[in-house]
Every structure is written in C-alpha cells, then in structure tokens.
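Survey of secondary and tertiary structure
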Amino acid sequence: MNRKNYLFLAVICVLVFSLQAVCLAAEKTDTLPNVKILATGGTIAGSGATNTTTVGYTAAVTPVDALINDVPELKKVANVSGEQISQIASENMTNEVWLTLGKRVNQLLAQDAIDGIVITHGTDTLEETAYFLNLVVKSNKPVVVVGSMRPPTAMSADGMLNLYRATILAGSKEAIGKGVLVMLNDTIHSGRDVTKTITDRVDTFRAPEIGPLGFFTGDQPVFYRTSLRKHTTATEFDINQLNDLPRVDITYHYANNTGVVIEALTRAGAKGIVHAGTGNGSIGKAEYPAIEAAQKKGVVIVRSARVGNGIIARNGEANDDKYNFVASDNLNPQKARILLMLALTKTNNPQEIQKMFWEY
Ligand code: SIN
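Since we're looking at a predicted model, the values are computed, not measured.

Definitions and limits used
Residues numbered from 1 in each chain as written. Predicted model: local features only at pLDDT ≥ 70, side-chain atom pairs only at ≥ 80, totals over all residues. Heavy atoms only, no water. Domains from an automatic or database assignment. Contact = heavy atoms within 4.5 Å. Buried area = accessible area lost by both parts, 1.4 Å probe. Salt bridge = Lys/Arg side-chain N within 4 Å of Asp/Glu carboxyl O. Polar contact = N/O pair within 3.5 Å; in protein donor to acceptor, adjacent residues only side chain to side chain. Helix = DSSP H or I, 4+ residues; strand = E, 2+ residues; numbered from the N terminus. Nonpolar A, V, L, I, M, F, W, Y, C, P; charged D, E, K, R; others polar. UniProt positions renumbered as here; feature names shortened; annotations may be inferred. Phe/Tyr/Trp six-rings, centres within 6.5 Å; stacked < 30°, edge-to-face > 60°. Buried < 20%, exposed > 50% of the residue type's maximum accessible area, 1.4 Å probe, protein only. Near = heavy atom within 4 Å. Areas by Shrake-Rupley, 256 points an atom, 1.4 Å probe, with all protein chains shown as cover. pLDDT = per-residue confidence, 0-100. 1 Å grid on protein atoms, 1.4 Å probe; cavity = no way out; pocket = protein on both sides within 12 Å on 5 of 7 lines; lining within 4 Å. Points joined across faces, edges and corners; volume = space filled by probe spheres on them.

**Focus: the domain arrangement of the chain**
- When the domains of the chain are assigned, the result is domain 1 (34-234) and domain 2 (248-359).
- On a C-alpha basis, the centroid separation for the pair domain 1 and domain 2 is 30 Å.
- Each partner contributes to the interface: domain 1 provides 18 residues, whereas domain 2 provides 16 residues.
- A buried area of about 1,400 Å², summed over both sides, lies between domain 1 and domain 2, and 51% of it is on carbon and sulfur atoms.
- When the area that domain 1 buries against domain 2 is broken down by residue, the three leading residues are Tyr131, Arg192 and Arg229, summing to 34%.
- Viewed at the interface, domain 2 and domain 1 are joined by 3 salt bridges.
- As a salt-bridge pair, Asp329 and Arg192 come within 3.9 Å of each other at their nearest N and O atoms.
- Where domain 1 packs against domain 2, one counts 12 residue pairs in polar contact (both at pLDDT 80 or more).
- Contributing elements (two or more residues each) for the side of domain 1 that touches domain 2: α4 (95-109) and α5 (126-136).
- Sort the elements by how many residues they give to the side of domain 1 that touches domain 2 and α5 lands first, with 6 residues.
- Grouping the constituent residues of the side of domain 1 that touches domain 2 by class yields 8 nonpolar, 3 polar and 7 charged.

Laid out in structure tokens, this is it:
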C-alpha cells in the first residue's frame, strides 16, 4: 500500500470510530430519564457579596438555565431542561404561583416524554409548596422539591449537590408513587411530613417524630419507608379549573390573647382560620366570642398547635363536637392552612373536612 492509501485508510478508520462513539453517546442519552427543572427562586438561585456571605445575600437572582449550566454533571444523569415559573424569595410565595406551578406540573407529567420533575425553591416556604403539590399533582411520576441553605457564591454551598441529587431522584424508579418528595442534605423527606426546623443550618429539614423516607448514599437513593397518608392520584383535589383558592389565615395563641386577630381575619373575609393553639391546640376563653362570631359568618375553624409536633386530640383540649371545630391531626399550622384551603374548594362542612384531615 502506498502512503496515499494508508492515509485514506486512516481517515476511514477515524470516521468509523467517531461514528461509533457518537452512536454510543446517543444510545446512552436515550436511556437517561427526561427531567424538567422548574425554578421558582430562593437561595439556591441566590448570590452573596463574598464567598463568606451566608446571611444577608440576595435570593432569587440566577435564572434556571444558569443553574443547570453550573452543574454540568446533571447531563450525565438525566436529559434536563429548565423552565422559570417565578423568581422570588419564598417568603413571597402566593396561592397564585402555587396554582400556576401545580397546573404546569400536571401538564408536564401528562406527557410520555417527561419522567420526573425537580422544583427549585426557597427553603422558607418549601414545606408548604411540597405539601400543596403532594395534594394536587395527578401523577405517580416523581416530583422533587429542592433548595439550599447557602447561596451558590458561598464556600461549601449546598445547592449544586442538592440539585444534582434531586435530579437523580426525579429520574429514579425508586421515587415513583412516593408522593411529592423533598431532597436536601442527602436526606429524602415526604412533602407532607417535612418542616424547616432551624433558621440557618444545612440540616434544617426534618420530619419531627416521623423521620425521613430515605437517604442518598453516593448517587443512589435508598428508601426505608413510605407515607401512609393519601397523596397525588389518591386525593380528591383538582386545581385544573381553579383560578384562586379560598382565603384561609392563621392566628397564633399566646398569653393575654383577646381574640382581636380572629375578629380582624373575619372582617377581612377569611373562609377558614387555623388556630395555632398552645399545648394540645388549646384555645383561650377570651377567644371564644370572636370564634363563635366568625363561625356565624360561615368561617371554618381548624385547631392546630404552635408546638409544631404531636397529634391534636379531637375533643381533648376543646369540645370539637360542640363547637364544630376540626382537629388538624399532626399537621403544623402552615400545612393545616393548605389542606383547609383545598378542603374548602369541596365543602364547608366541618365533619367532612375533619375526615379529610384524618386522611391526608
Ligand atoms: C427563601 O426562602 O427564598 C430564602 C431562604 C432560602 O431559600 O433558604
């Protein structure tokens, strides 16, 4: 063979090998799950003045495509694409954003081409969004809500690893049918049970008394249990035709409370009030006149507790049967508010709403 022929053969070989490599890569990508990342803002999309700024930074500034590009490893575990739903610090979360988000999640999960969804979110109200979605998503496919306690600009920022693992979880077989999940700090929680427990540390998300559903070991999610409460496809709540949710507010009990907040909430048009009582959901004597006046206007009262843990015993610290109160089971006040809003889209009968609180 002359030199020209050798060269020709070499070029052919390079072309064949490159084609094979491209085919293999394409084959690999085809086997990856398709995960949509819906961004809402929060610290995970935040920015601080220096790499030691872990308080006093600005939340919700980085757009979703930049979040995805900052973690190139995401492309090794899923075919990811992003969509910006909102760009807010989560203390500014609203029912309106929830309805937009919930409807979009349902639209996307109805598509065969989508295997799972990750929602990036501020940690302050993350537990509320997760529980709302847990009640209104109509699919068994994984939905994972993720955030971070440190902005991406900080030393030891937690957002990138949290996002990477949330994406693995959203594309995993293990997460199917488990309800809406929350993934931070290597730990997988049920959206129903989890709450933020510490103002400023990365191990803030916990499910007090109940515990997490599982953990990550390396890139592998490992589940140990599931929630027994009805969620997603098993609930009766349908938000697809809703443009708003009934107004529900929370009132906090404390020594010397006169019920003035309950009067104000009733005047403001609340359809439901969650009472964050002391101890086992106790209501002060001085609050009863305001509560009874509210009920005469059709306001449904749910008894929860400011304690944050434990079950509210029906007919325990208050005569729920006599006063037509609803006991919140072990839902904290902010989660009880979400279930009460959704319950009021179906009925304002306290007995029927009580049944929902035992089920969800
Ligand atoms: C927020 O909730 O948006 C700010 C705090 C955080 O994400 O950790």
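**Digging into the UniProt feature "domain: L-asparaginase N-terminal" (unreviewed entry) in the chain**
- The positions that UniProt labels "domain: L-asparaginase N-terminal" (unreviewed entry) are, in the present scheme, residues 34-226.
- The annotated region residues 34-226 carries 25% helix and 24% strand content, and the separation between its end C-alpha atoms amounts to 24 Å.

**Some remarks on the packing of aromatic side chains**
- Counted by the stated rule, this structure contains 6 aromatic pairs.
- Ring plane angle 15° and centroid distance 5.3 Å describe the contact between Trp98 and Phe132, whose orientation is recorded as stacked. Of this pair, Trp98 sits in helix α4 while Phe132 sits in helix α5, and the two are 34 residues apart along the sequence. Accessibility assignment for this pair places Trp98 and Phe132 in one class, buried.
- Between the aromatic rings of Phe237 and Tyr360, the centroid separation amounts to 5.2 Å while the plane-to-plane angle is 55°, which identifies the pairing as tilted.

**What to know about the site of the ligand**
- In the vicinity of the ligand, the contacting residues are Gly42, Thr43, Ala89, Ser90, Glu91, Gly122, Thr123, Asp124 and Ser148.
- A distance of 2.6 Å separates an oxygen atom of the ligand from a polar backbone atom of Ser90.
- Here an oxygen atom of the ligand and a side-chain polar atom of Thr123 are 2.5 Å apart.
- Surface burial for the ligand is 92%, taken as the share of its 250 Å² of free accessible area covered by protein chains.
- Split into classes, the residues belonging to the shell around the ligand amount to 1 nonpolar, 6 polar and 2 charged.

**Some remarks on the pattern of salt bridges**
- Inspection of the entire model under this criterion finds 14 salt bridges.
- For Lys36, the salt bridge identified is with Glu83, shortest N-O distance 3.7 Å. Of this pair, Lys36 sits in strand β1 (residues 34-41) while Glu83 is found in strand β2 (residues 79-88), placing the two residues 47 residues apart along the sequence.
- With its nearest N and O atoms 2.8 Å apart, the salt bridge here joins Asp124 to Lys196.

**Remarks on the confidence of the model for the chain**
- Overall, the prediction assigns the chain a mean pLDDT of 94, with 92% of residues at 70 or greater.
- Contacts from residues 21-28, a stretch scored under 50 in pLDDT, to residues over four places away or in other chains number 1 contact.

**Side note on empty space enclosed by the protein**
- Scanning the entire structure with this criterion turns up 3 cavities of 30 Å³ or more.
- In this structure, the largest cavity encloses a volume near 160 Å³.
- Lining of the largest cavity is provided by 14 residues; of these, Asp193, Pro208, Gly308, Asn330 and Asn332 occupy positions nearest its centre.
- The residue inventory of the lining of the largest cavity, partitioned by class, reads 4 nonpolar, 6 polar and 4 charged.
- Looking at which domains feed residues into the lining of the largest cavity, each of domain 1 (34-234) and domain 2 (248-359) supplies at least three.

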